[in-house]
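Reading the structure
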Amino acid sequence: MKTAILYESWHHGNTKKLCEAIKKEQDITLLNVKEDDIALEEYDLIGIASGVAFGKFYKEIEQAVREKMPEGKKVFLIYTCGNPGPDFTKSIRKTLSSKNCDVLGVYRCKGYDTYGPFKLVGGLNKEHPTPEEIRGAVDFYNELIGKWS
Ligand SMILES: Cc1cc2nc3c(=O)[nH]c(=O)nc-3n(C[C@H](O)[C@H](O)[C@H](O)COP(=O)(O)O)c2cc1C
């Protein structure tokens, strides 16, 4: 089974830490939405990983999924955010559903956030993602492929 994680993580690299921890343990391809060619057809399972801005996954990854996600793929979602209360996957799910992609699971955790007023107080969630949260992302992926394969 071939897996790729397409990610966007420009604020503090919070989401990238989760993706890299998965890559360290598993044979997956990481694709940076800003730097890499996005060719997803060859993958059986595709992760979409992003920080959150204004209640959604980042703009470029939302656009890449709209334009480049093939039909009918198995997908999982990973995100980091300032406040993990609300569900920030609604918009990306809508796009995925229009392409008949199946969302198999979601992992989210807090990420260091210095946007706007939080900068004045040294930022929010300074220690996040924590080693436990990073481990949690790896366990999430391992469990997902364990169930599916
Ligand atoms: C412009 C901007 C807008 C943000 N909007 C939200 C938001 O609506 N909700 C939230 O919980 N976090 C928000 N955040 C916090 C980021 O989602 C959080 O810091 C995330 O971990 C950044 O991920 P990254 O380092 O992988 O880019 C925002 C951050 C920025 C820079």
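Source: prediction; values computed, not measured.

1. Some words on the site of the ligand
What surrounds the ligand is a group of 22 residues, the closest being Ser9, Thr15, Val52, Tyr58 and Thr80. Within the side chain of Ser9, one N or O atom sits 2.6 Å away from an oxygen atom of the ligand. In the model, an oxygen atom of the ligand is placed 3.2 Å from a nitrogen or oxygen of the Trp10 main chain. For the ligand, whose free accessible area comes to 650 Å², the fraction covered by protein is 91%. Among the elements of the structure, α1 (14–25), β3 (45–53) and β5 (74–81) are those that each provide at least two residues to the shell around the ligand. A class-by-class count of the residues in the shell around the ligand yields nine nonpolar, twelve polar and one charged.

2. Digging into the side chain of Thr89
On the secondary structure map, Thr89 appears in the loop between β5 and α3 (90–98). Leaving out residues up to four positions away in the same chain, Thr89 has contacts with Phe57, Leu77, Tyr79 and Val106.

3. Examining the pairing of strand β6 (residues 102–110)
One ladder, built from eight bridges, connects β5 with β6; its direction is parallel. Bridge pairing in β6 links Lys74 to Asp102. Handedness of the β-α-β unit built from β5, α3 and β6 comes out right-handed.

Criteria and thresholds
- Residues numbered from 1 in each chain as written.
- Predicted model: local features only at pLDDT ≥ 70, side-chain atom pairs only at ≥ 80, totals over all residues.
- Heavy atoms only, no water.
- Near = heavy atom within 4 Å.
- Polar contact = N/O pair within 3.5 Å; in protein donor to acceptor, adjacent residues only side chain to side chain.
- Areas by Shrake-Rupley, 256 points an atom, 1.4 Å probe, with all protein chains shown as cover.
- Helix = DSSP H or I, 4+ residues; strand = E, 2+ residues; numbered from the N terminus.
- Nonpolar A, V, L, I, M, F, W, Y, C, P; charged D, E, K, R; others polar.
- Contact = heavy atoms within 4.5 Å.
- Pairing = 2+ DSSP bridges.
- Right-handed = clockwise from strand over helix to strand, strands pointing away.

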